[in-house]
Amino acid sequence: MTDSVPPRPDTHPDRPFATAPVLGVAAVAAVVLVLSATRYGYFGDELYFLAAGRRLSFGYADQGPVLPLLAALGDTVAPGSLVALRLPAILSTVVAIVVSALVAREFGGGRGAQILTALGYATSPFLLMQAKNLSTNAIDSALWVLITWLVVRWVRTRRDGLLLAAAAVTALDMQVKWLIPFFWIAVVASSLVFGPRDLVRRPLLWAGGLIVLLVSVPSLFWQARHGWPQLGLGAVVREEQQYSGGPVAFVPLAVLLAGALGAVLLCYGLWALLRHESLRPYRFLGATTVLLLAVFLVCGGRVYYLAGMYGVVFAAGAVALAAAVRRAESVVRRRVLLGSGAALVAVSLALIAGSTPWQDPAEIAPPANDTEAALNIGLYGEFGWTELADAVVTAHRSLTPGERAHSAVITESYWQAGALDQLAGEQLPQVHSPSRGFGYFGAPADSATTMVCVGGDEDRLRAQFATLEPIGHVDTRLGFLGNTRDVMLWKCAQPRRPWSQVWPEWMHL
């Protein structure tokens, strides 16, 4: 297979950008997201980000420092505002919609292909609605779209400064989530097989890699000092995938995440990248997508880990479909293709409308079981936090003054700890949890002799405390099981061993 060399920039002028319609799609998406952000309450991860933002560090057990920093900034500028907290995710996703259309332009797509790409991204229930909360996924996916656009543009123009720009974005993404190295490894491997092999010979590509490594040193040092919990988290993720169908359901769910229009663009776009002659210089991106799919499938990754590639694959699908419409030999065939596209857009819009949080909480049915709750975690994870905080404050006030003077709060999950830290921090003593990244924020003081324990395994609590007494119960209608549903509050006194010894044994990811 030969190295594919694109036309020179001066013989391949940029296609006009469909500015008004693409920005119109992005603007509508922004309105939908802002309105969605005002509904319900904090999502569990957001409460953890806020708690982490009050404990700023170069590294955390399960993420980089960007999300805690953004949460801290949002809560400082507008305390308690869900829109301010979620604005970075909203803006990132809106920008990703526009950039995905720019990818279509780089592929040679005209106005129709660019608009179709933007619509595909904006009507994907996952790609759009993940930004109604502040999440690592929303920021990470958008940064992948920007990186793939820079890579695609480099292939066409061979301007090596684009590789440095891609490295800068990669360095930022490494402070959000540690998925982007898989992308670059797959890109290098695919370009060596399918071209452009010139990519791996570019000094600025490797200089950019060095920049990424240098920027990541503080986070890597933090991980090394704490036993590399980020790597241990992979085993936890693999175990959690049983709730979403495991490997058998991985590919179907990956397609379903794209939405109705997005599913067509995703499947056709992957085929087009691998087989369409006009996209031959970018064939390595199709192979990169397949490689990433295989790696995440084998390693037990979450199904949405591949979402960062959707923008570039959507763009390829839109360009190929637009070309198919132009090649239609009859007016009837062309009308059928256009009508099918319009129907897909309509279905996608309906799916987005159904995905927005428009329902009154009183009309939402509680989850029937753990599986339903896990599959709808984005919904049920936003309820019950205020009730939990109020119940824990009441339980703590039931302690005697002497007990309160030497007390602390321990929660079973990091979501619970984040909720108490955000919603009841001034009314409670220091809140601790051995769960996920919260465990690394520190153990209770050895002087703490009376604890309010939120949930937790009763046998483990009895092994640690001489006395154990139930002092409350939380069971919200729409909350998440084990976090705000069927949660026992315990008064635990007289620890048998000092916390400095027990905490490492209790910590878990």
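Residues numbered from 1 in each chain as written. Predicted model: local features only at pLDDT ≥ 70, side-chain atom pairs only at ≥ 80, totals over all residues. Heavy atoms only, no water.

A few points about the environment of Ala 342
Here Ala 342 shows up in helix 16 (residues 331–355). Assessed through its relative accessible area of 48%, Ala 342 is described here as partly exposed. In sequence terms Ala 342 and Leu 261 are 81 residues apart; their C-alpha atoms lie 9.4 Å from each other. (Helix = DSSP H or I, 4+ residues; strand = E, 2+ residues; numbered from the N terminus. Buried < 20%, exposed > 50% of the residue type's maximum accessible area, 1.4 Å probe, protein only.)

What to know about the sheet that holds strand 3 (residues 450–454)
Strand order in the open sheet made by the five strands is 2-1-3-5-4, with mixed pairing throughout. What marks the edges here is a single partner per strand, and that holds for strand 2 (431–432) and strand 4 (465–474). Contacting strand 1 (407–411), strand 3, strand 4 and strand 5 (487–495), helix 19 (residues 385–397) crosses the sheet at an angle of about 155 degrees to strand 3. Against the sheet, helix 21 (residues 414–423) makes contact with strand 1, strand 2, strand 3 and strand 5, and its axis sits at roughly 135 degrees relative to strand 1, the strand it touches most. (Pairing = 2+ DSSP bridges. Contact = heavy atoms within 4.5 Å. Axes fitted to C-alpha atoms, helices over the stretch in contact; angles between N-to-C directions.)

Observations concerning helix 1 (residues 19–37)
Between its first and last C-alpha atoms helix 1 spans 26 Å; for 19 residues at 1.5 Å apiece the expected length is 27 Å, and the two agree. Within helix 1, burial applies to Val 22, Val 25, Ala 26, Ala 29, Leu 33, Ser 36 and Ala 37. Down the axis of helix 1, the sector holding all buried residues measures 105 degrees, keeping them to one side. Turned more than 90 degrees away from the buried face of helix 1, the exposed residues are Ala 20, Val 28 and Leu 35. Elements that come into contact with the buried residues of helix 1 comprise helix 4 (82–106), helix 5 (111–122) and helix 6 (125–129). (Expected span 1.5 Å × (residues − 1). Arc of directions from axis to C-beta.)

Details of the nonpolar core
Counting 137 residues, the largest nonpolar core has Phe 107, Phe 183, Trp 184, Tyr 310, Val 392 and Leu 420 as the members making the most contacts within it. If near-sequence neighbours (up to four positions away) are discounted, Phe 183 is found in contact with Trp 144, Ile 147, Thr 148, Val 151, Thr 288, Leu 292 and Met 309. In terms of nonpolar packing, the next biggest core, distinct from the first, is built from 14 residues, Ala 408, Met 451, Cys 492 and Val 502 among them. (Core = buried A, V, L, I, M, F, W, Y, C linked by side-chain atoms within 4.5 Å.)

Brief notes about the pairing of strand 1
Counted residue by residue, strand 1 has five buried out of five residues, so it is predominantly covered. The side-chain alternation of strand 1 yields two buried faces, one formed by Ser 407, Val 409 and Thr 411 and the other by Ala 408 and Ile 410. Sheet topology note: the strand 1/strand 3 ladder contains five bridges and is parallel. By the bridge assignment, Val 409 is partnered in strand 3 with Val 452. Pairing analysis gives two bridges linking strand 1 to strand 2, with the strands arranged parallel. The residue bridging Val 409 from the neighbouring strand is Val 431, located in strand 2. For the handedness criterion, the β-α-β arrangement of strand 1, helix 21 and strand 2 is classed as right-handed. (Right-handed = clockwise from strand over helix to strand, strands pointing away.)

Some remarks on the packing of helix 19 against helix 21
Between helix 19 and helix 21, the least distance of the axes is 9 Å, while the angle of their chain directions is 75 degrees. As far as their axial angle goes, helix 21 and helix 19 are roughly perpendicular. On helix 21, the residues touching Trp 385, Thr 386, Leu 388, Ala 389 and Val 392 of helix 19 are Trp 415, Gln 416, Ala 419, Leu 420 and Leu 423. Taken together, the residues of the contact of helix 19 with helix 21 sort by class into eight nonpolar, two polar and no charged. (Parallel < 35°, antiparallel > 145°, perpendicular 65-115°, else oblique. Nonpolar A, V, L, I, M, F, W, Y, C, P; charged D, E, K, R; others polar.)

Details of empty space enclosed by the protein
Within this structure, the stated rule accounts for two cavities of 30 Å³ or more. Here the largest cavity is characterised by a volume of approximately 60 Å³. Forming the walls of the largest cavity are Ile 410, Thr 411, Glu 412, Cys 453, Val 454, Gly 455, Gly 456, Asp 457, Arg 460, Leu 461 and Trp 506. Where the lining of the largest cavity is concerned, the elements lending two or more residues are strand 1, strand 3 and helix 22 (458–464). (1 Å grid on protein atoms, 1.4 Å probe; cavity = no way out; pocket = protein on both sides within 12 Å on 5 of 7 lines; lining within 4 Å. Points joined across faces, edges and corners; volume = space filled by probe spheres on them.)

Things to note about the UniProt feature "domain: Glycosyltransferase RgtA/B/C/D-like" (unreviewed entry) in the protein chain
Listed under "domain: Glycosyltransferase RgtA/B/C/D-like" (unreviewed entry) in the UniProt record, and renumbered for this structure, are residues 62–222. Helix and strand shares over residues 62–222 are 78% and 0% respectively, and the end C-alpha atoms of the span are 11 Å apart. (UniProt positions renumbered as here; feature names shortened; annotations may be inferred.)

So, unusual backbone geometry
For the bond running from Gly 195 to Pro 196, omega is 0 degrees, close enough to zero to count as cis. Topologically, Pro 196 is positioned in the loop between helix 9 (180–194) and helix 10 (203–225). In the Ramachandran plot, Tyr 40 falls in the positive-phi region, its phi being about 55 degrees despite a non-glycine side chain. Here Tyr 40 shows up in the loop between helix 1 and helix 2 (44–53). Unlike most non-glycine residues, Asp 486 shows phi in positive territory, near 55 degrees. Counting through the fold element by element, Asp 486 comes out in the loop between strand 4 and strand 5.

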